[in-house]
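Spelled out from the first residue to the last, the chains are:
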Amino acid sequence: MKKYAYFLMLILALSISNSISAEDAANDKDRLGGWKKIASEAKAFFYVQEISGVWWIVNPAGNAFLSKGVNHISFFADNAPQLGYSPYGRATQKKYGSEGAWAKAAADNLWRWNFNTAGAWCSTSMYKQELPYTPVLDVASRAGANWQTGIFPDVFSKKFRMAARAAIQTACRPQRDNKYLLGYFTDNELRWGPDWRSPDALLMDFLRFDRESDGWNRAVQFLKERYSTIDALNEQWKIKAKSFEEVPAVESFPASDARSEAEEAFVKIVAGEYFRVCAEEIRDADPNHLILGCRFAGKASETVLEAMAPYVDIVSFNTYNFTPPAGTLKRIFEITKRPIMITEFSFKAMDSGLPNTKGAGKPVATQKERAEHFTNFITQLLQLPFIVGYHWFEYADEPAEGRFDGENSNYGLVNIKDEPWEILTNEMARTNLAAEKIHAGLAGGTANIDNANR
């Protein structure tokens, strides 16, 4: 049944895309990548709107817009520490002679492949190509966070507020009137709870902060408000702390429903503070553009989603499943009532010659399979009415020797010599061309994806 559904999706997308000529596409799309078949009020900047039960971004021309993006479009791409230089950077320097010439060629590629957005971590030279773009502000990292190791910032501190203000004023104020800027990501894949980076909840992290810190004081205050006495906390958590202040010194914490519930309640407070500060500072520096939130890494706590909802325009979610996690995405929308973008997904293949031993996702055998998975993923994704975009990771392959974190995978649309993987990009061009019709329900029928990978 799953194999049948896969081929049904593939045939559906291909039949739609093959029926659309280049001339039709030119007539249907505006110069910002919007779709003229569905129009709304033209405003100065991008905004989101539900139209006839389907969510869209609306571009400044007033046309429906799906953000079809690519991440990390970079002149130098990834440095290989083992080599001491960037192999892709050497190739682009030799091929183009200047970053400006490379950026124009990269933008031309995106338009030719029917992408319309420069996603996260793109060279700023891409922002000059009259192409919608979505910068990452890295607010938390300015205050000591590290998304790779899972270190979370003290969001209750003056340092966090000052760092957020400085980063956002510098990044956002100069761009407040730029019609090509779609919106801002606040951060990438912050750790909101136990995951591959740490087994601990944020409450435990904050209790281990320096005793002079605002975060430590807020965590202790939280415990005192939740439990009237230390005896009550000890009984429910099954520990033997001498005082609220000594809770971090406890050597082990047995499994406890009460502690898990307290951890969820505290992370809601943390998330509310983080998203509120980010939103207030962004709106002060730039009241015009969308807030795309923090890019979630494959899952999102419901309490974090509840806290975040008032402060973002779009929810950003990263996944490396072969099919969209439809159940998870539906639940996110139910909680937040905000449209969703998949802001990182990819497939890598072993026929690329790259090791593919580090980096998210399981490799497939061939470029043909990469292409088929792309079409299958997008065709399923766009049947969810609250989806407003998808961003592929990434523009260029990683070096075989590994980048800063060891990743060495075939995620690129182009190889390390800046040569397109044409089987993949040709298929992407066809599927991207059909995307708006699929999302609008003009595809001649829809397939059932309720049993898709959740």
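This section reports on the structure supplied with the text.

Let's talk about the environment of Gly293
Argument step 1. Structurally, Gly293 is set in strand S8 (residues 290–297).
Argument step 2. On the basis of relative accessibility, which here comes to 1%, the residue Gly293 falls in the buried class.
Argument step 3. Expressed as a C-alpha distance, the spacing of Gly293 and Asp313, which sit 20 residues apart in the sequence, is 7.7 Å.
Argument step 4. Each residue touching Gly293, except ones within four places of it in the same chain, is listed here: Tyr184, Phe185, Thr186, Asp187, Val312 and Ile314.

Describing the pairing of strand S2 (residues 47–51)
Argument step 1. By the bridge criterion, five bridges tie S2 to strand S3 (residues 54–58) in an arrangement that is antiparallel. Looking at S3, one finds that Glu50 is bridged to Trp55.

Notes on the pairing of strand S10 (residues 340–345)
Argument step 1. Counting buried residues along S10, six of its six residues qualify, which places the element largely inside the surrounding structure.
Argument step 2. The sheet contact formed by strand S9 (residues 315–318) and S10 spans four bridges and is parallel. Within S10, the position partnered with Val315 by the bridge is Ile340.
Argument step 3. Taken together, S10, helix H12 (residues 367–381) and strand S11 (residues 387–392) constitute a β-α-β crossover, and its handedness is right-handed.

Considering unusual backbone geometry
Argument step 1. Residues Phe393 and Glu394 are joined by a peptide bond in cis, for which omega reads 10°.
Argument step 2. Assignment of secondary structure puts Glu394 in the loop between S11 and helix H13 (422–440).
Argument step 3. Phi at Asn114 is positive, roughly 65°, even though this residue is not glycine.
Argument step 4. Within the secondary structure, Asn114 is located in the loop between helix H4 (99–112) and strand S6 (117–118).
Argument step 5. Its identity as a non-glycine residue notwithstanding, Glu130 has a phi of 55°, on the positive side.
Argument step 6. Inspection of the secondary structure puts Glu130 in the loop between S6 and helix H5 (158–172).
Argument step 7. The exposure class assigned to Glu130 is partly exposed, which follows from its relative accessible area of 42%.

What counts, and at which threshold
- Numbering of residues starts from 1 in every chain and runs along the sequence as written.
- Residues qualify for local features only when their pLDDT is at least 70, as the model is predicted, and side-chain atom pairs are given and counted only at 80 or more; totals for whole chains, interfaces and linings, by contrast, use all residues.
- Computation of side-chain values covers all heavy atoms of the structure but excludes hydrogens and water.
- Helix and strand labels come from DSSP, where a helix needs a run of H or I of at least four residues and a strand needs a run of E of at least two; each type is numbered from the N terminus.
- Burial classification: accessible surface area is computed with a 1.4 Å probe over protein chains only, and a residue below 20% of its type maximum counts as buried, one above 50% as exposed, and the rest as partly exposed.
- Throughout, a contact is declared for two residues whenever any of their heavy atoms are within 4.5 Å.
- Paired strands, in this sense, are two strands between which DSSP finds at least two bridges.
- Seen with its strands pointing away from the viewer, a crossover is right-handed when the path leading from the first strand over the helix to the second is clockwise.

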